[in-house]
Amino acid sequence: MNIKEVKLSHIKKDDRKKVYPPSQDTFILIDAILNDIEYIKALNPTIVLEIGVGSGAVISSLALNLDNAFFLGFDINIDAVKLTQRTFCENRIEMADVVGIDILKGLNLRNKVDVVICNPPYVTSTREEYLECQNNRDISSSCPGGENGREFIDELLRVVDGILSENGVLYLLYEEENGQFGGINLLTERTGCEGLCVIRRNKNNQTK
Amino acid sequence: MRLVTLNLLMCNSEECSGRNQALTLNPGEITPGTTQFNHDLTIRMLGKLDWLAFVNAALRLGHELPDNITEADHQNSELIQRIFDILFNVEIQTGELLCPNCNRTYPIEKGIPNMLPQDH
Ligand SMILES: C[S@@+](CC[C@H](N)C(=O)[O-])C[C@H]1O[C@@H](n2cnc3c(N)ncnc32)[C@H](O)[C@@H]1O
Ligand SMILES: [Zn+2]
């Protein structure tokens with residue numbers, strides 16, 4: 001199979017100061033999703049949403065390898081949204097839009113999204129730091145995930161269960177120490193990295 | 001931002017969450033898109049849209065659409081192509097989204113809607 005690789009050379013030092021740059025976890029999520037591309041194609045998704053796009057590397061990687069879908073990128077950091085728009089442009093991805101939005105503050109999209117992708121803020125922090133960083137709406141919102149690094153993830157799962165379509169799936173990256181969230185583990189020893197997990201999880205974690 | 005995205009968004013304030021209130025578009029600069037027609041995607045997207053909200057938004061940009069779409073219309077390639085063009089090939093570069101429920105407004109700049117609160 002011919003996998004197209006995302007171009008990221010337009011991302012410069014200045015961008016890295018304002019936006020979570022493509023990092024080890026970014027590439028692990030990209031690899032896990034592209035390894036699962038046949039599964040995604042079989043779903044024939046209409047709407048693909050990435051929550052917390054950062055630089056846009058993940059959603060662009062999928063968009064380059066999946067036709068016949070519309071791609072939406074959301075982030076709470078407006079600089080991330082702007083950079084993702086540039087990443088779409090650089091990669092000639094047309095079927096995609098970006099929005100500056102806090103996904104914990106109310107989304108439409110009830111039962112509409114077929115694929116959700118997220119590399120969330122999952123680093124263990126105090127609740128105060130997590131809430132403060134969410135409020136900052138800048139690069140500092142990228143990592144702190146609250147107690148056990150799972151406060152954001154727990155809220156995310158509630159939101160995602162509401163927006164996924166009947167056969168929709170969530171691709172979620174997290175760290176072992178965050179706990180367990182159901183779903184199918186997509187990392188093998190070969191593709192993985194110590195401590196990181198990527199799961200594919202159905203709506204309401206029903207096993208199918 | 002295209003009209004398809006507008007149709008999928010709602011007011012990002014906790015007060016309005018769960019209301020499914022469509023946002024009103026006050027368009028500024030509009031540019032034509034160049035996305036290639038995709039019949040199958042249009043039909044699948046129709047199943048996800050709030051059709052009336054789409055008809056209203058299209059009307060504000062000068063495009064008239066029927067009040068409802070039937071299965072039979074899916075074979076009408078001229079109509080489906082027109083729906084595609086209004087959904088995907090109208091790029092809203094600047095403007096404002098208004099929530100009729102709480103009267104908050106959200107700016108669209110350089111094609112990006114910003115639903116984040118503007119208090120800092
Ligand atoms: C770990 S970074 C991942 C960025 C990118 N997806 C990647 O893999 O490189 C997490 C992203 O989530 C965004 N984020 C954090 N809280 C959010 C919220 N409440 N709503 C939307 N995005 C949020 C951050 O701004 C950040 O860009
Ligand atoms: Zn509102």
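- Labelled according to an unreviewed UniProt entry, chain B appears under the name Multifunctional methyltransferase subunit TRM112-like protein, originating from Blepharisma stoltei.
- Regarding chain B, the relevant UniProt record gives this comment under Sequence similarities (unreviewed entry): "Belongs to the TRM112 family."

- By the naming in an unreviewed UniProt entry, chain A is Methyltransferase small domain-containing protein, taken from Blepharisma stoltei.
- Per its UniProt entry, chain A bears the Sequence similarities (unreviewed entry) comment "Belongs to the eukaryotic/archaeal PrmC-related family."

1. Thoughts on the interface of chain A and chain B
Thinking step 1. Between chain A and chain B, the contact holds 35 residues from the first and 35 residues from the second.
Thinking step 2. When the two sides are added together, the surface that chain A and chain B hide from each other amounts to roughly 2800 Å², 55% of it contributed by carbon and sulfur.
Thinking step 3. Counting across the chain A and chain B interface gives two salt bridges.
Thinking step 4. Ionic pairing is found between K48(B) and D114(A), a salt bridge with its closest N-O pair at 2.9 Å.
Thinking step 5. Applying the counting rule to chain A against chain B returns 15 residue pairs in polar contact (both at pLDDT 80 or more).
Thinking step 6. For the side of chain A that touches chain B, the secondary structure elements donating two or more residues are strand 2 (70-75), helix 5 (78-90), strand 3 (96-100) and helix 6 (127-136) of chain A.
Thinking step 7. For the side of chain A that touches chain B, the element with the highest residue contribution is strand 3 of chain A, accounting for five residues.
Thinking step 8. Across the side of chain A that touches chain B, the residue classes tally to 16 nonpolar, 10 polar and nine charged.

2. Brief notes about the coordination of the zinc ion (ligand 2)
Residues and elements named next belong to chain B.
Thinking step 1. Protein coordination at the zinc ion (ligand 2) comes from C11 (SG), C16 (SG), C99 (SG) and C102 (SG), with a distance range of 2.2 to 2.3 Å.
Thinking step 2. Geometry at the zinc ion (ligand 2) is tetrahedral, judged from its four donor atoms and the angles of 106 to 115 degrees they form at the metal.
Thinking step 3. Counting gaps between the donor residues of the zinc ion (ligand 2) yields the pattern C-x4-C-x82-C-x2-C. Note that C11 is positioned in the loop between helix 1 (3-8) and strand 1 (24-27) and C99 in the loop between strand 4 (95-98) and strand 5 (105-109), a separation of 88 residues in sequence.
Thinking step 4. Classification of C11 by relative accessible area gives buried; the value is 1%.

3. Structural notes on the site of ligand 1
All names here are of chain A.
Thinking step 1. The full set close to ligand 1 counts 21 residues, and T26, G52, D75, D102 and Q134 are the nearest of them.
Thinking step 2. The side chain of D75 places a nitrogen or oxygen atom 2.6 Å from an oxygen atom of ligand 1.
Thinking step 3. Here ligand 1 loses 99% of its free accessible area of 600 Å² to cover by the protein chains.
Thinking step 4. Tallied by class, residues from the shell around ligand 1 come to 10 nonpolar, eight polar and three charged.

4. Brief notes about the UniProt feature "domain: Methyltransferase small" (unreviewed entry) in chain A
Thinking step 1. According to UniProt, the "domain: Methyltransferase small" (unreviewed entry) feature falls on residues 47-127 of chain A.
Thinking step 2. Secondary structure across residues 47-127 of chain A divides into 28% helix and 27% strand, with the first and last C-alpha atoms of the span separated by 33 Å.

5. Remarks on the packing of aromatic side chains
Thinking step 1. Throughout the structure, instances matching the rule amount to five aromatic pairs over all chains.
Thinking step 2. Note on Y174(A) and F181(A): the rings are 4.8 Å apart at their centroids and 80 degrees apart in plane angle, and the pair reads as edge-to-face. The burial state of Y174(A) is the same as that of F181(A); both residues are buried.
Thinking step 3. Judged by centre distance (4.9 Å) and plane angle (35 degrees), the ring pair of F84(B) and F88(B) falls under tilted. Of this pair, F84(B) and F88(B) both sit in helix 4 (residues 77-88), four residues apart, which is roughly one turn of the helix. F88(B) carries the same exposure label as F84(B), and that label is buried.
Thinking step 4. It is R200(A) that lies over the ring of Y39(A); its NZ or CZ is 3.5 Å from the centre.

Rules and cut-offs
- Residues numbered from 1 in each chain as written.
- Chains lettered and ligands numbered in written order.
- Predicted model: local features only at pLDDT ≥ 70, side-chain atom pairs only at ≥ 80, totals over all residues.
- Heavy atoms only, no water.
- UniProt positions renumbered as here; feature names shortened; annotations may be inferred.
- Contact = heavy atoms within 4.5 Å.
- Buried area = accessible area lost by both parts, 1.4 Å probe.
- Salt bridge = Lys/Arg side-chain N within 4 Å of Asp/Glu carboxyl O.
- Polar contact = N/O pair within 3.5 Å; in protein donor to acceptor, adjacent residues only side chain to side chain.
- Helix = DSSP H or I, 4+ residues; strand = E, 2+ residues; numbered from the N terminus.
- Nonpolar A, V, L, I, M, F, W, Y, C, P; charged D, E, K, R; others polar.
- Donors = N, O, S within 2.8 Å, 3.2 Å for Na, K, Ca; no water.
- Tetrahedral: all angles 85-135°; square planar, octahedral: opposite > 155°, others 65-115°.
- Buried < 20%, exposed > 50% of the residue type's maximum accessible area, 1.4 Å probe, protein only.
- Near = heavy atom within 4 Å.
- Areas by Shrake-Rupley, 256 points an atom, 1.4 Å probe, with all protein chains shown as cover.
- Phe/Tyr/Trp six-rings, centres within 6.5 Å; stacked < 30°, edge-to-face > 60°.
- Lys NZ or Arg CZ within 6 Å of the ring centre and 35° of its normal.

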